[in-house]
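# A look at the structure
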Amino acid sequence: MERMNIIGPDELVFGVEDIDACARYLSDYGLKAARGQGPGRFEALDGTAIVVKGTEDRGLPPPLPTKSFLRQTVYGVADEQSLLEIAAELQKDRAVEQAADGSISCTDDMGFALRFQVTCRHAFNAPPDLTNAPGHAPQRPVNVLGITPEMPALPRTLSHVVLFVPDVTRAETFYRRLGFKTTDRFINAGPFMRPAGTLEHHTLFMIQTPPFMIGVEHFTFHMGSATEVLLAGSRFESKGYQSFWGPGRHLFGSNWFWYFNSPFGCHVEFDADMDLHDDSWIAREAMASEDTSQLFLFSRREKWYPGGPPKPAAALAATQG
């Protein structure tokens, strides 16, 4: 098998019931409505995107039996040669369609619609999070502030997608055919996988579930740092969106996280600072649990300061509980 140079997800395409609510959600999350590429495309800084259409849009692939709103995952590849290699592999046992733009489409072994294209990702400029730590030369120059109230915290790139699948062994085998490697595994859930074109710990995580649950659990975009995850999540929550899990830091992948409920029928995450692995990495295994899924988890509370006016007893007990 050739080294199919898949970089990661370029786009996730959804067919939703409430387009306006989903568009507002993505805008508040920090994605920008794309210009000149049709309505419903919301991009991160590097051009990776979420595409939102109505459930009855004729341009969408057929829905999954569960009516999951996720209708297609679009993977970006490095070059035309990679598209040829992917098509040759997939045509061994399934129909593959080629569009006028050269992209190819198929369905994976679990019924998820896939498309592969030369990546839409482009270079962009965004400030790094420079840290000053004792024992190491300062990264942030003298008189340069680490944070300001108005600092940007915008999604930089589409990070990964997590799927509910009814046969995780068969699903993992399919993606291995396309050059994905398993970096770590939850024994009672499924594998974290990365394609050949990235060192990121995972762009795909699959969870074994009954067939009636097949669909998407969450998707996420990388932020620039833990600070940006906390800042973007706090701003998002202040707009009325409901936190589901986080903020905290995962063990497998080491990425910071904060998950929110969404109108997409799945959760949506902010994440940052994921581990990188090459082919010498040996995958770990663990049972998924509270202790293995996160190193720590914060409890959210309203802003306050020790010298502020006293709070009513009930409110004080709630903040300390």
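Going by the structure above, here's the rest.
First, a word on scope: everything that follows refers to the structure included in this document. (Residues numbered from 1 in each chain as written. Predicted model: local features only at pLDDT ≥ 70, side-chain atom pairs only at ≥ 80, totals over all residues. Heavy atoms only, no water.)

### A closer look at the pattern of salt bridges
Once their charged atoms are close, side chains differing in charge can pair, the charge on each being opposite to the other. Here the structure, examined in full by the defined rule, presents 19 salt bridges. Notably, a salt bridge pairs aspartate 28 with lysine 239, separated by 3.9 Å at the nearest N-O pair. Here the residue aspartate 28 occupies a position in helix α1 (residues 19-29), and lysine 239 occupies one in the loop between α4 (226-238) and β14 (243-249), the gap between them amounting to 211 residues. The partly exposed category is assigned to lysine 239, whose relative accessible area is 48%. A network of salt bridges, in which partner residues are shared, links Glu89, Lys92, Asp93, Arg94, Asp109, Arg170 and Arg177. (Salt bridge = Lys/Arg side-chain N within 4 Å of Asp/Glu carboxyl O. Helix = DSSP H or I, 4+ residues; strand = E, 2+ residues; numbered from the N terminus. Buried < 20%, exposed > 50% of the residue type's maximum accessible area, 1.4 Å probe, protein only.)

### Let's talk about the packing of aromatic side chains
Here a ring pair, both rings aromatic, is described through the centre-centre distance and the interplanar angle of the planes. Under the definition given, this model contains 30 aromatic pairs. Aromatic side chains phenylalanine 186 and phenylalanine 252 sit 5.1 Å apart centroid to centroid with 20° between the ring planes, which places their arrangement in the stacked category. Of the two residues, phenylalanine 186 is situated in strand β10 (residues 181-186) and phenylalanine 252 in the loop between β14 and β15 (256-260); the sequence distance between them amounts to 66 residues. Across the pair, exposure class does not vary: phenylalanine 186 and phenylalanine 252 are buried alike. Ring geometry for tryptophan 245 against tyrosine 259: centres 5.0 Å apart, planes inclined by 15°, an arrangement best described as stacked. Taken as a pair, tryptophan 245 in strand β14 and tyrosine 259 in strand β15 lie far apart in primary sequence, 14 residues in all. Through a chain of ring-to-ring contacts, the aromatic side chains of Phe14, Tyr25, Tyr29, Phe219, Phe221, Phe236, Tyr241, Trp258, Phe260, Phe264 and Phe270 assemble into a single cluster. (Phe/Tyr/Trp six-rings, centres within 6.5 Å; stacked < 30°, edge-to-face > 60°.)

### Points about helix α2 (residues 80-90)
Among the residues making up α2, those that are buried are Ser82, Leu83, Glu85, Ile86, Ala87, Glu89 and Leu90. In this structure, the buried residues of α2 make contact with β1 (6-16), β5 (70-77), β7 (104-107), β8 (113-118) and α3 (168-177). (Contact = heavy atoms within 4.5 Å.)

### Comments concerning the environment of tyrosine 259
Residue class for tyrosine 259 comes out buried when judged on its relative accessible area of 4%. For the pair formed by tyrosine 259 and glutamate 269, sequence separation is 10 residues and the distance between their alpha carbons is 4.2 Å. Dropping the residues within four chain positions of it, tyrosine 259 is found in contact with His218, Ser243, Phe244, Trp245, His250, His267, Val268 and Glu269. Among the polar contacts made by the side chain of tyrosine 259, one reaches the side chain of histidine 250 at a distance of 2.9 Å. (Polar contact = N/O pair within 3.5 Å; in protein donor to acceptor, adjacent residues only side chain to side chain.)

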